[in-house]
Amino acid sequence: MSKKKVLITGGSGLLALNIAIYKKDDWEIFLVLNTKKVSIDRVVTVKLNLDSLGDVDEMVESIRPDYIIHTAGLTSVELCEKHRSNARISNVITTRNIAKVAGKYDIKLFHISTDHFTRSCMPNSSEEDIDIPLNYYAQTKLEAEFEVNRYSPDAVVLRTNFFGWGPSYRQSFSDFIIKSLRGTEKVHLFSDVFYNPILIDDLADIIGSLFESSFTGVLNAVGDDRVSKFEFGKMVASQFDLDESYLVPVLITDQKDMVKRPKDMSLSNNKLKEVLGEKSYSIESSLKKLFTQEFDGRDKQVNNAVVHEDPALIYYGKQSIDDDDFDAIMAGLNRSFLTQGPKIKEFEDKIAKYVGAKFAVAVSNLTAGLHIACLAAGLKKGDSLITSPISFVASSNCALYCGAKPNFADIDPRTLNIDAEEVRKRCKELGNVKVIIPVHFSGSPCDMKELAAVADEYGAVIIEDAAHALGAKYKTGEMVGSCEHSLMTGFSFHPVKSITMGEGGVITTNEEEIYKQLYRLRSHGIIKGNDPLFIDEEATTDGLPNPWYYEMQQLGFNYRITDLQCCLGISQLKKLDRFIARRVEIAQTYDLAFKHLKNVKVAQKGTRALSAHHLYNIRVDFKKLGISKNELFELFKKEGISLHVFYIPIPMQPYYRDKLKTDISDYPNALKYYREAVTLPLYPDMTDKDINNVINAVKTIIK
Ligand SMILES: *Cc1c(COP(=O)(O)O)cnc(C)c1O
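Residues numbered from 1 in each chain as written. Predicted model: local features only at pLDDT ≥ 70, side-chain atom pairs only at ≥ 80, totals over all residues. Heavy atoms only, no water.

What follows deals with the environment of Ser245. As for its placement among the helices and strands, Ser245 is situated in the loop between helix 8 (229–239) and strand 14 (247–250). The spatial distance from the C-alpha of Ser245 to the C-alpha of Thr184 is 9.6 Å, given a sequence separation of 61 residues. (Helix = DSSP H or I, 4+ residues; strand = E, 2+ residues; numbered from the N terminus.)

If you want it as C-alpha cells, here you go:
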C-alpha cells in the first residue's frame, strides 16, 4: 500500500514539526511554511502564504494530498487581542481558504481548534458545551470552526491543548516549565485554571486513527486528566526530577491586566473514546513519553529541523497600521467609489486644516506632486531650480520633467538643510532661478524666513519638499505646510513617512489660482462644471449646461489619488500626533544614550522640539573608528539591525554627473556629511526592546 499524502499547514510550529518528525516514515508529508525554512529528511516543504485562496488552491491542486492537517494560526492570546485584523486573517481567512480548497478537491481536513470557548465554570465540557468566546483569539478560532463547517462539512475539528518539545522560538508549556526549573528560576503557574493536556504524539496517533474512520464533526482531542496549570507543573517537575519548590501557585483572578481567559478549559474526551475505542491518555504516562523523547533526542531533532529563522531585522523606518486602518479600508472597499470619491476632498480638507493652509490637492505620490507644483509655479525650459544635494532624487527630477535645469546649493553642516547663503550665491550666478525647493531633511525645518528673503530678492518662488516633515513646526511656530513663507508645500505618504496611504502625496497652498492649476494638472488638464469653458456652444443647449461635457484645456496627467487610499489617509491622520510624539521620544532616548560616546556625533540635535523626526542620523568618523561603513552595516546586521544612509548626494548620481555635468566637489559639506552619515531605525511601532537593541549595538560597535 502506498503511503498517504498528508499536507500540514503551520509547518514551523510546535505541532507540525513534531507530527512531521514522528510520522515521516508512515506518511508522505508536505509541510507548508511561511517565513521560516525547515529541513526534515523525506519531508517536502512548500513556501506559501495561506491568506491567498488562489495560491492555496494551486498548491493543493498540484500536491493532491489525501489529508490536510491545518495547524496554522495566530495562537498568542495577547497578540490576537492587540492585532485583531491580523488575528482574523491568520485564524479565520486562512482557515476559510483551506476549508474551501479541501471541500473543492474532496480532501479530508483535520482542523486544529482550541479548548478556549468552553463553559468557563464547568469542568469537562462536551463538544456541545460552547460559550461566548471570552477573548479575540477564541472568537477567531470559533469563527474558523464555522468556516470549516460551511466549506468542508466532512472535516474533523479537533479541540485540543497539547504539549511536546518545541523549537526555540515556540516553546511549549512543558518546555517553559522544564527550562525554568533547570535554570532554577521561579515559575508562576495558575492554580485556578484547569485543562487536560495531551502529548503531541498522542494527538498525531489520534489523527492517524481517524484517517481510517468515517467520523466527521467536532471532537475533543485531549488527555484524560483535568489538572490546574500548577498541578501540571508539579507533575512535570516530578517526572524530570526537578526542584518543585521553584513553582509558585498564582491565581488568574488576581491578574487584572491580562486578557480574559476561561478558567476551566477542561474538555471531556468521552466521544473520542467512543469513536476510537478505549485508550489511556493519562498525564503521567504522557510525561514518561516526553522524558523518553528527550532521551531519544526529539528536542534536538525539532530544533535542528529549523535550518533558517528569518532574522527579524529592525529597519530604519516602517508603517504603523492598526485595526482602525483595516476597518477604514474595508469600509472604503464597500463604497460606490474606489477612486474620485468624496473621501479625497475630506482628506484634503483635513490636511489643509492640520497644517493651517487654505488649500490641499492630493496626488498619487509626491514625485508627481512636485512635478505639477513646478508646472503650476510656471517652471519651464530655460529656467533653473535649486534644491538640496542631500535629498531624494525626486526633489530635483521635477525640474527635468518641466524641461528646466536642476541646480544645487550646499548644505549647512550644522542643520544639514540647504544653506540660505549658498542659495543666494547660486541665484546670483545663475540669474534664471524660478523655483527653490528647500527640503526639511529628516523632518527638521529649514529657516524659511531666510530662504524667503533670498527668493524675494531674485524673483523666485519656494516649493517646500516636506516629505519628511508632516507634523513639524517652523521656528516661527506655524506648522510646516502652512505655506507661511512659501508658495506651496508637498508631503509624501510613502509607508516610511509620517503617515501612509501606500503611496500618496499632497500639495498645500494659500493661493486659489495655484490650487486650481494643481487640481487640473492632476487629472489630464480637464475642466468641467463651474469653471469657465472655452467652447460655449458645445457646453450648453439653449443656455442649459450639457451634463456630459468636459474640456481638456491644457496638458495634464493622471496623478490622481484614489478614494480608497484617502480612507486609509484619514484613519492615519488621526494618529499623526501620537506617531510624532513617539518619534520625539525615541529620538530623545537616543540623544541621551549617545551623549558621552565620543565617536558618535548626533545630527540636527538643535531641532528636537520642532522636527517630525522622520530619520535619526548620526555621523561617524570611519577613519578614526578603523572600520568601513560597509563593515559597520554588517556588524549591525548581526545584531538584527538594518542601517541605512540618507542620502547619496543627488549630484553624485550618474545621471546627474554624466548628463548634467554636476560635480560633487562643488558641495563639500554634502559630501563630507554623506561619507559620515549613518541612519538608525526610528518609527512609531519600535518597541522599547528594539530601541535598547539599537542603543546597545551603537554602544558596543561604535563606542
Ligand atoms: C519620499 C520623498 C519624496 C518622494 O515622495 P513619493 O511620494 O515617494 O513620490 C520626495 N522628496 C523626499 C525628500 C522624500 O523623502
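On we go.
Turning our attention to the side chain of Gln293. Residue position: Gln293 is located in helix 10 (residues 283–295). Other than its neighbours up to four places away in sequence, Gln293 contacts Trp165, Leu199, Asp201 and Arg298. (Contact = heavy atoms within 4.5 Å.)

Relative orientation of the contacting elements helix 6 (residues 173–182) and helix 8 amounts to 60 degrees, with a least axis distance of 10 Å. Taken together, the axes of helix 6 and helix 8 are oblique relative to one another. Both helix 6 and helix 8 take part in a crossing whose hand is right-handed. Where helix 6 abuts helix 8, its residues Phe173, Ser174, Ile177, Ile178 and Leu181 lie against Lys229, Phe232, Gly233, Val236 and Ala237. Split into classes, the residues belonging to the contact of helix 6 with helix 8 amount to seven nonpolar, two polar and one charged. (Axes fitted to C-alpha atoms, helices over the stretch in contact; angles between N-to-C directions. Parallel < 35°, antiparallel > 145°, perpendicular 65-115°, else oblique. Left-handed = near helix turned anticlockwise from the far one by under 90°. Nonpolar A, V, L, I, M, F, W, Y, C, P; charged D, E, K, R; others polar.)

Glancing now at the sheet that holds strand 17 (residues 384–387). Read across the open sheet, the seven strands follow the order 16-22-21-20-19-17-18; overall the sheet is mixed. Both outer strands of the open sheet, strand 16 (359–363) and strand 18 (405–408), are each paired with one neighbouring strand and no more. Across the sheet, the axes of successive neighbouring strands diverge by a mean angle of 25 degrees, strand direction being ignored. Relative to strand 18, strand 17 runs parallel, the two sharing four bridges. Opposite Leu385, over in strand 18, you have Pro406 as the bridge partner. Running at roughly 130 degrees to strand 16, helix 13 (residues 342–355) makes contact with strand 16, strand 21 (488–492) and strand 22 (505–509) of the sheet. Across the face of the sheet, helix 17 (residues 448–458) comes into contact with strand 19 (433–437) and strand 20 (461–465) while running at roughly 145 degrees to strand 20. (Pairing = 2+ DSSP bridges.)

Here the bond from Phe646 into Tyr647 is cis, since omega is -10 degrees, no more than 30 degrees from zero. Turning to its location among the elements, Tyr647 is positioned in the loop between helix 23 (629–638) and helix 24 (654–659). If you check the backbone angles, Asp106 has positive phi at about 55 degrees while not being a glycine. Of note, Asp106 is situated in the loop between helix 4 (84–104) and strand 6 (108–114). In this structure, Cys483 is a non-glycine residue whose phi angle is positive, near 60 degrees. Checked against the element boundaries, Cys483 lands in the loop between strand 20 and strand 21. For Cys483, a relative accessible area of 5% puts it in the buried group. (Buried < 20%, exposed > 50% of the residue type's maximum accessible area, 1.4 Å probe, protein only.)

So far we have only geometry, and geometry alone does not tell us how the molecule works.
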